[in-house]
Every structure is written in structure tokens, then in C-alpha cells.
Amino acid sequence: MTLTLRQADPEDAEHIARVVRAVSGGVADFLLAGASLFVSPERLLASLIMETGNPFSYENALLLEHNSTLAGLLLSYPWEQHAVPDILRKIVPKKRLAVIDGLLQMADAQSLYINTIWVDEPYRGTGTADDLLECAFLMATQLHLAKVSLHVWADNTRAVRFYRRHGFVPARHFDVPRQSLLPHDGGNFLMSREVGQTAGISREGQETP
């Protein structure tokens, strides 16, 4: 099975938006539901991805493909870019942003921040997620960043195990009250790992986030 990695372009925005919304743990819908009477949260997200100069931009996305079919996604950027885009501040109520402020704005200093890492179902357990994560560490090295960091819901035990096995440790914890569009218990972890650290894991039968 041959997989190819490529830089995303604006035409990929809808595919990226669909994945980001699906794996956000409800964050995309929590922020964007009701933001527009005429445009769905997914289309709003796609329009943001099509633009340059914001953390969700296609410029920050790498796509893994098999026979031109999307198999994986890595959306990442340097830590200082991890912030709420101006357009979201204009359309999302401040009280809603405040609920997940830590998740939206906190990344470990001097790190490459992973916003989204995803592997499609047929490719899970094959080491594909490991390869995407390794790609993130290579990018961090190229950018002279000391760490890779990411957020994960505490009750997403599968993802937490995956990251811990790769050497990630919790850097901070954020309390997030459970609600209908954020159906999580235990809050959210900011996890990080130093670039030079080795995890020493087996790829066979690997769980994916």
C-alpha cells in the first residue's frame, strides 16, 4: 500500500473542514453552531481554511492520500500562531470562547502545535498515525522548535494512551464544563514532548488517536 504526502491547497478546504469538525470533539459545532443563519458550521470552517494567515489555513495542512483518496491529515503550526482567528472573535460570543479559552489559545512555548491529526479507518493500526506524528517532529526540527504539543480530551482514553506511548506528558489541565455540544468529562489536557526524546514503541497493532 503506497501512501503519498502532499501540501494542501485551497481546493482541499471542504475535505479538511469535514475532518477537523469530526475529530474536534464537538469544538467546531460548539463555536460555530448558530453563528450564521445561512451557512453550516462545516462551511464556515471551510471558508476559514481557504484563507491564508490564520492557524486553520490550508497552508498549515498536510494530506496523506492513497490513490487520490484522503487517508490522513496533519494540521499543525508554530505555537505562537495558536490563537482565535479574528473572524471567529467577530462571530462567536465571548462567553462561548471563554468556556474553552485554554484549548483555543494555549500551546507549549517553543513547540510545533498539532491542531488536528487524523487517519481514516482503513489505515488505522498500520503505523500511519505514527508516520504523521513523526512528520510533525521532523517539521518541528526544521523550524528549530524544541517540542511538539497538542490538546486532547481527558475522556478520550484511546488518544491519551496513544500520545503517552509516544512520550507525550501532560503540561497543563483545563476544566471544561460538560454540555450538549461538548460531551466530555474530565476536562482537557495540553500534552507535549521534546523533539529529541525517543518513545521506543512498537508499531504493530498501534492504536490511533
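Everything numeric here is computed off the predicted structure, so don't read it as measured data.

A.B. asks: Can you walk me through the side chain of Asn188 in this structure?
C.D. replies: Examined against the element boundaries, Asn188 turns out to sit in strand β7 (residues 188-194). If sequence neighbours within four positions are ignored, Asn188 has contacts with Leu103, His151, Val152, Trp153, Ala154, Arg172, His173, Phe174 and Val176.

A.B. asks: What am I meant to see in the sheet that holds strand β3 (residues 69-78) here?
C.D. replies: Pairing between the strands of a sheet comes from backbone hydrogen bonds, and it takes one of two forms, parallel or antiparallel. Strand order in the open sheet formed by seven strands is β1-β2-β3-β4-β5-β7-β6, and the pairing between neighbours is mixed. Both edges of this open sheet fall to β1 (4-7) and β6 (169-174), since each of them pairs with a single strand only. Direction aside, the axes of adjacent strands within the sheet are offset by 25 degrees on average. Where β3 and strand β4 (residues 111-119) come together, seven bridges link them in antiparallel fashion. Directly across from Tyr77, in β4, lies its bridge partner Tyr113. Packing of helix α7 (residues 128-142) onto the sheet brings it into contact with β1, β2 (61-66), β3, β4, β5 (147-153) and β7, and relative to β4 it is tilted by some 160 degrees.

A.B. asks: Could you clarify how one ought to interpret the pattern of salt bridges in this entry?
C.D. replies: When the charged atoms of two side chains with opposite charge come close together, those side chains can pair. Scanning the model with the defined rule gives eight salt bridges in all. The closest approach of N and O atoms between Arg6 and Glu65, which form a salt bridge, is 3.0 Å. Placement of Arg6 in strand β1 and of Glu65 in strand β2 is noted, with a sequence separation of 59 residues between them. In this structure Arg6 comes out as partly exposed when scored by relative accessible area, which is 26%. In this structure, a network of salt bridges that share partners links the residues Arg6, Asp9, Asp12 and Glu65.

A.B. asks: Could you clarify how one ought to interpret the side chain of His151 in this entry?
C.D. replies: With respect to the secondary-structure elements, His151 resides in strand β5. For His151, a relative accessible area of 14% corresponds to the buried category. In terms of polar contacts, His151 uses its side chain to reach the backbone carbonyl oxygen of Gly102, at 3.5 Å. A polar atom in the side chain of His151 sits 2.7 Å from the backbone oxygen of Met106. Those residues in contact with His151 that lie beyond four places of it in its chain are His82, Gly102, Leu103, Met106, Tyr113, Phe174, Asn188, Phe189 and Leu190.

A.B. asks: Which parts of the structure should I look at to understand the packing of aromatic side chains?
C.D. replies: Here the distance between the centres and the angle between the planes together describe a pair of aromatic rings. Scanning all chains against the criterion turns up four aromatic pairs. An angle of 45 degrees between the planes, with centres 5.7 Å apart, marks the rings of Tyr77 and Tyr113 as tilted. Of this pair, Tyr77 sits in strand β3 while Tyr113 sits in strand β4, placing them 36 residues apart in sequence. An identical accessibility class is assigned to Tyr77 and Tyr113; each is buried. Aromatic pair Tyr163 and Phe168: ring centres 5.6 Å apart, planes at 65 degrees, arrangement edge-to-face.

Reading guide: rules and limits
- Residues numbered from 1 in each chain as written.
- Predicted model: local features only at pLDDT ≥ 70, side-chain atom pairs only at ≥ 80, totals over all residues.
- Heavy atoms only, no water.
- Helix = DSSP H or I, 4+ residues; strand = E, 2+ residues; numbered from the N terminus.
- Contact = heavy atoms within 4.5 Å.
- Pairing = 2+ DSSP bridges.
- Axes fitted to C-alpha atoms, helices over the stretch in contact; angles between N-to-C directions.
- Salt bridge = Lys/Arg side-chain N within 4 Å of Asp/Glu carboxyl O.
- Buried < 20%, exposed > 50% of the residue type's maximum accessible area, 1.4 Å probe, protein only.
- Polar contact = N/O pair within 3.5 Å; in protein donor to acceptor, adjacent residues only side chain to side chain.
- Phe/Tyr/Trp six-rings, centres within 6.5 Å; stacked < 30°, edge-to-face > 60°.

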